[in-house]
Amino acid sequence: MTAALQYLFDALSLGSLYALGALGIALIFGVMRLVNFAHGDVMTFAIFVLIAPTTEAVAPLWVGAWATPLIVLTVLGVGAALAVLAELAVFRHLRHATPAATMMAAFALGFVIQNVLLALHSSRAKAVNLWPQLNLPVDLWGARVPALQMLMIGITMALLLGLAWMLRHTRAGLEMRAAAEDFDMARMLGVKANRVILVAFGMSGALAALIGLFMVNQTGLVDIRMGAPMMLVAFVSTVIGGLGSLMGAVLGGFLIGFVSTALQAWLPLDARAFRDAFVYLGVIALLLWRPNGLFTTGATRQRV
Amino acid sequence: MTTPLLHIQDLHVRYGGIAALRGLDLTLHAGETVMVTGPNGAGKSTLMKAIAGLVKPRQGRIVFDGQLTTGRAPETVAASGFSLVPEGRQVFGSMTVLENLRIGTGLRRNALAVAADLEYLLDVFPLLRERAHGQAGLLSGGQQQMLVIARALMAAPRLLAIDEPSLGLAPRVTDQVYEALLRLRAERDLTLLIVEQSASRALVTGGRMVMLREGGIVLEGDPRQITAQQMQQAYFGYDAAPAAMHA
């Protein structure tokens, strides 16, 4: 029983990470039909402001040394600002380019961000010990759950509820949903396309930064390559959820989190090293069964 | 006469190597109803999209309400008072009827006028009031057509353009759509620009008829004074058998 509870929290917290990542990708895909492959690197960049640029193995804290609320605000702000900057400097100029060109631009942007970090911080993984008290376990009906996991799950749920409320009850949310469903029609009704896209990028960047904060607290490390694996899982989550569906992306993220945790728990010891191979095998099977993902929307059709 | 609401001069639009509009001129005054007719591929929808800012003209000028709107973004054209109901209706299917109606009101500042317009339109289209909180994608074709007309009007446009309101609708349903349009025109002093493939609706709406073929205007005038023979000649480009009139 307690073991099951422990696994449940593992699955929920891992799923939270993936869901937030998938949401960041789905937000931008929804309004632009662009898979932002630089998403993971936006996360990495935002989290690296925690430490001072140095090529040493142990980096002194920079933003990480500030007061907690200030750290959170700064990291999220940097993520949002970088994503907005990417839209202004790169994607805005590619509105009428082919999807392949825009995708390549996103990849290129990711490499640029990574190389800027490489130049500033070297390629070593750096230890960052931000809030050690978060890793202390809390007793919960006999299960020992790290406080960080509970915090991750709580924040994710609050964010998802907040986002759902915002999409349903605010002008910006209404316009964002309209733009995601039929971009041209929304514009013909006066929805300012560039503003909606900027908001989507800002939200996506802040979400990426938040994942970075969660990850650095879990692992105690930052690495300039940490964005890529996260981006991959997040992308796969949006695909199995059905590209274009925010809800699908979130559920896809949780699904992968649950399946990964379940495999980790039940696979024979020798097979555990290949856990991700089993996960992706499942993804392939799922896509063979439902090629458009679990939650398809009209928005998946190509925009002209 | 006063300055026209819409003034189009020498409009050229090309899709790749294909010319969709070749030097079209069109003038429309406030209060007018203009029916644009013509066969498939005449450039009717392209004309609508060019005015709305969805396609960029190769050459020519579009002046709307005294402002040059050629090459402007669709949201800018919408803000200057042009509202297009495109071919195929394009409801936001996953959103509710009320949400659909609210999207176009972002341009307006007077919340009281918006609420009054909403009440008025729900009176004109009682079915929409019934389904106000239902998903728009579940409405029938005729209901969707009424929804998108109401949605366009919620933006309080100076000119309402509708591309093929009869597309895919049963004739009886099309009649209802036109009845509602005529009522709205009478009660709200609407200026209308309507595209239909067939010229027969022009007789119902009155106003002026403009016939397009191969990207240019081939016939223009009061539909009641144009003879069937003139119409056929313009529509097909040659004297067709009278039986083909309403093809």
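Use the structure listed above.
To start, this report covers the structure provided alongside it. Here the structure is a predicted model, which is why all the values come from computation and not from measurement.

1. Some thoughts on the sheet that holds strand 1 (residues 6–15) of chain B
Residues and elements named next belong to chain B.
- The strand order across the open sheet formed by 4 strands is 2-1-4-5, and the pairing between neighbours is antiparallel. Since the sheet does not close on itself, it has two edges, and those belong to strand 2 (18–28) and strand 5 (67–68), each with one partner.
- Note that strand 1 and strand 2 share 8 bridges and pair antiparallel. Residue pairing in the sheet places Tyr 15 in a bridge with Ile 18 of strand 2.
- The sheet strands contacting helix 1 (residues 44–52) are strand 1, strand 2 and strand 4 (59–64), and the helix crosses strand 1 at an angle near 115°.

2. Here's the deal with helix 1 (residues 2–32) of chain A
- Spanning 31 residues, helix 1 of chain A covers 45 Å between terminal C-alpha atoms, matching the ideal 45 Å at 1.5 Å per step.
- Two residues or fewer after helix 1 of chain A comes Arg33(A), characterised by a positive phi angle close to 55°.

3. Section: the packing of helix 1 of chain A against helix 5 (residues 147–169) of chain A
Residues and elements named next belong to chain A.
- With their axes 9 Å apart at the nearest point, helix 1 and helix 5 run at an angle of 40° to one another. One element, helix 1, and the other, helix 5, form an angle in the oblique class. Here helix 1 and helix 5 pass one another in a crossing that is left-handed. Taking contact as the criterion, the partners of Phe 9, Asp 10, Leu 12, Ser 13, Ser 16, Leu 17, Leu 20 and Leu 23 in helix 1 are, on helix 5, Gln 149, Met 150, Met 152, Ile 153, Thr 156, Leu 159, Leu 160 and Leu 163.
- Classifying every residue of the contact of helix 1 with helix 5 gives 11 nonpolar, 4 polar and 1 charged.

4. Re the packing of helix 1 of chain A against helix 9 (residues 227–241) of chain A
All names here are of chain A.
- Contact pair helix 1 / helix 9: the axes reach a minimum separation of 8 Å and the direction vectors enclose 70°. Judged by the angle between their axes, helix 1 and helix 9 are roughly perpendicular. Residue-level contacts link Leu 17, Tyr 18, Gly 21, Ala 22, Ile 25 and Ala 26 of helix 1 to Met 230, Met 231, Val 233, Ala 234, Phe 235, Ser 237 and Thr 238 of helix 9.
- Of the residues contributing to the contact of helix 1 with helix 9, the split by class is 10 nonpolar, 3 polar and no charged.

5. Topic: the pattern of salt bridges
- Taken as a whole and assessed by the stated rule, the structure comprises 21 salt bridges over all chains.
- Residue Glu87(A) pairs with Arg95(A) through a salt bridge whose shortest N-O separation is 2.7 Å.
- You can call Arg95(A) partly exposed: its relative accessible area is 27%.
- Between Arg213(B) and Glu214(B) there is a salt bridge, with its nearest N and O atoms 3.9 Å apart.
- According to the relative accessible area criterion, Glu214(B) is exposed, its value standing at 54%.
- One continuous salt-bridge network, built from bridges that share partners, spans Glu87(A), Arg92(A) and Arg95(A).

Procedures and definitions
By convention here, each chain's residues receive numbers from 1 onward along its written sequence. Chain A is the first chain written and ligand 1 is the first ligand written, with later ones labelled in order. For this predicted model, a pLDDT threshold of at least 70 governs which residues receive local features, and a threshold of 80 or more governs which side-chain atom pairs are given and counted, while totals over whole chains, interfaces and linings are taken from all residues. Where side-chain values are given, they derive from all heavy atoms of the structure, hydrogens and water being excluded. Note: two strands are recorded as paired if DSSP finds a minimum of 2 bridges between them. Only DSSP runs of H or I covering at least 4 residues are called helices, and only runs of E covering at least 2 are called strands; the numbering of each starts at the N terminus. We call two residues contacting when some pair of their heavy atoms lies within 4.5 Å. Axis definition: a line fitted to C-alpha atoms, limited for helices to the stretch in contact. Angles are taken between N-to-C directions and run from 0 to 180 degrees. Multiplying one less than the number of residues by 1.5 Å gives the expected span of a helix. Oblique is the label for every angle not falling under 35 degrees (roughly parallel), over 145 degrees (roughly antiparallel), or within 65 to 115 degrees (roughly perpendicular). Handedness of a helix crossing follows the sense of rotation of the near helix relative to the far helix, less than a right angle counterclockwise being left-handed and clockwise being right-handed. In the scheme used here, Gly and all other residues not listed as nonpolar or charged are polar, with Ala, Val, Leu, Ile, Met, Phe, Trp, Tyr, Cys and Pro taken as nonpolar and Asp, Glu, Lys and Arg as charged. One side-chain nitrogen of Lys or Arg within 4 Å of one carboxyl oxygen of Asp or Glu is enough to make a salt bridge. Here's how the labels work: a residue is buried when its accessible area is under 20% of the maximum for its type, exposed when over 50%, partly exposed in between, all with a 1.4 Å probe on protein chains only.

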